[in-house]
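Architecture and fold: a report
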Amino acid sequence: MKKTIWMAAVAALSFTAMSCGNSMEDKIEGKYEMDFTPGATYEFASGGKFMNEAKPESMDCTIKSPGTWEVKGDSLYITTDTKNVTFEYGSGVSEDEKAILEGITKGMAEMDQQKLAYKIISVDDKELKVEAEGTPFTYKRIK
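Cut-offs used in this document
Residues numbered from 1 in each chain as written. Predicted model: local features only at pLDDT ≥ 70, side-chain atom pairs only at ≥ 80, totals over all residues. Heavy atoms only, no water. Helix = DSSP H or I, 4+ residues; strand = E, 2+ residues; numbered from the N terminus. Buried < 20%, exposed > 50% of the residue type's maximum accessible area, 1.4 Å probe, protein only. Contact = heavy atoms within 4.5 Å. Core = buried A, V, L, I, M, F, W, Y, C linked by side-chain atoms within 4.5 Å. Pairing = 2+ DSSP bridges. Salt bridge = Lys/Arg side-chain N within 4 Å of Asp/Glu carboxyl O. Phe/Tyr/Trp six-rings, centres within 6.5 Å; stacked < 30°, edge-to-face > 60°. Lys NZ or Arg CZ within 6 Å of the ring centre and 35° of its normal.

**Considerations on the overall build of the protein chain**
If you tally the helices and strands in the protein chain, you get 3 helices and 9 strands. The buried share among the 143 residues of the protein chain stands at 30%. Taking the intrachain contacts of the protein chain between residues at least 6 apart in sequence as the baseline, contacts between residues at least 24 apart amount to 44%.

Okay, here's the thing in structure tokens:
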């Protein structure tokens, strides 16, 4: 009888250890795109690091917006760091265009960090579905 109890305890402990790698965070980690934001990617990296990278079709530049993400209960929280947005410009971007983009970003930075909350609907190896105030959003996994 003691041997059966001990084996059951070892099996339960093994199952618990194996399931630690299947947390919601582990399922979400990856790089995504959204249909309504062409040229933008959203990376949910390990350690709660977030990066939104946008490449506008009309301009030769890349805008990187860092932040953090976390899961609490059934919700995903993304906090963007508007003070640390960076720009990588191609040679075809004029000084006026740079000033416009950086002015918009500076205005956003004055509002400080932006924290968004989403209810997690589902996540699998192809997509992450979330909802905010009744509006669904689908992130399609690319990596």
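**A closer look at the nonpolar core**
Grouped together as the largest cluster of nonpolar side chains are 19 residues, with contacts concentrated most on Ile28, Phe44, Leu76, Leu128 and Tyr139. Looking at this core, the elements that each hand over two or more residues are strand S2 (40-44), strand S4 (61-72), strand S5 (75-80), strand S7 (114-123), strand S8 (127-132) and strand S9 (135-141). Those residues in contact with tyrosine 139 that sit more than four places away from it in its chain are Tyr32, Glu33, Met34, Tyr42, Phe44, Ile78, Tyr118, Lys126, Glu127, Leu128 and Val130.

**Examining the pairing of S9**
Across 2 bridges, the pairing between strand S1 (residues 30-33) and S9 is antiparallel. Bridge pairing in S9 links tyrosine 32 to arginine 141. Of the strand pairs in this sheet, S8 and S9 are connected by 6 bridges, and their pairing is antiparallel. Across the sheet, residue glutamate 131 finds its bridge partner in S9, namely proline 136. Two successive antiparallel strands, S8 and S9, enclose a turn made up of 2 residues, where glutamate 133 displays a positive phi of approximately 50°.

**Considerations on the pattern of salt bridges**
Where charged atoms from two side chains of opposite charge approach closely, those side chains can pair. Applying the stated criterion across every chain yields a total of 7 salt bridges. For the salt bridge of lysine 55 with glutamate 53, the shortest nitrogen-to-oxygen distance reads 4.0 Å. With relative accessibility at 44%, the residue lysine 55 sits in the partly exposed group. Lysine 98 is paired through a salt bridge with glutamate 95; the nearest N and O atoms lie 3.3 Å apart.

**Focus: unusual backbone geometry**
Residue glutamate 133 is not a glycine yet carries a positive backbone phi of 50°. Its location among the elements puts glutamate 133 in the loop between S8 and S9. For glutamate 133, a relative accessible area of 85% gives the class exposed.

**Considerations on the packing of aromatic side chains**
According to the stated counting rule, one finds 9 aromatic pairs in the structure shown. Ring geometry for tyrosine 118 versus phenylalanine 137: centroids 5.8 Å apart, planes at 80°, classification edge-to-face. With a gap of 19 residues between them, tyrosine 118 in strand S7 and phenylalanine 137 in strand S9 connect regions that are remote in the sequence. Linked through ring pairs, Tyr32, Tyr42, Phe44, Phe50, Trp69 and Tyr139 together constitute an aromatic cluster. The ring of tyrosine 77 carries lysine 72 above its face, with NZ or CZ at 5.9 Å from the centroid.

**A short note on the pairing of S7**
When S5 meets S7, the two strands line up antiparallel, connected through 6 bridges. From the neighbouring strand, tyrosine 77 faces S7, where its bridge partner is alanine 117. Sheet analysis places S7 next to S8, joined by 4 bridges and oriented antiparallel. Within S8, the residue paired with isoleucine 120 across the bridge is valine 130. If you look at the hairpin formed by S7 and S8, you'll find 3 residues sitting between the two strands.

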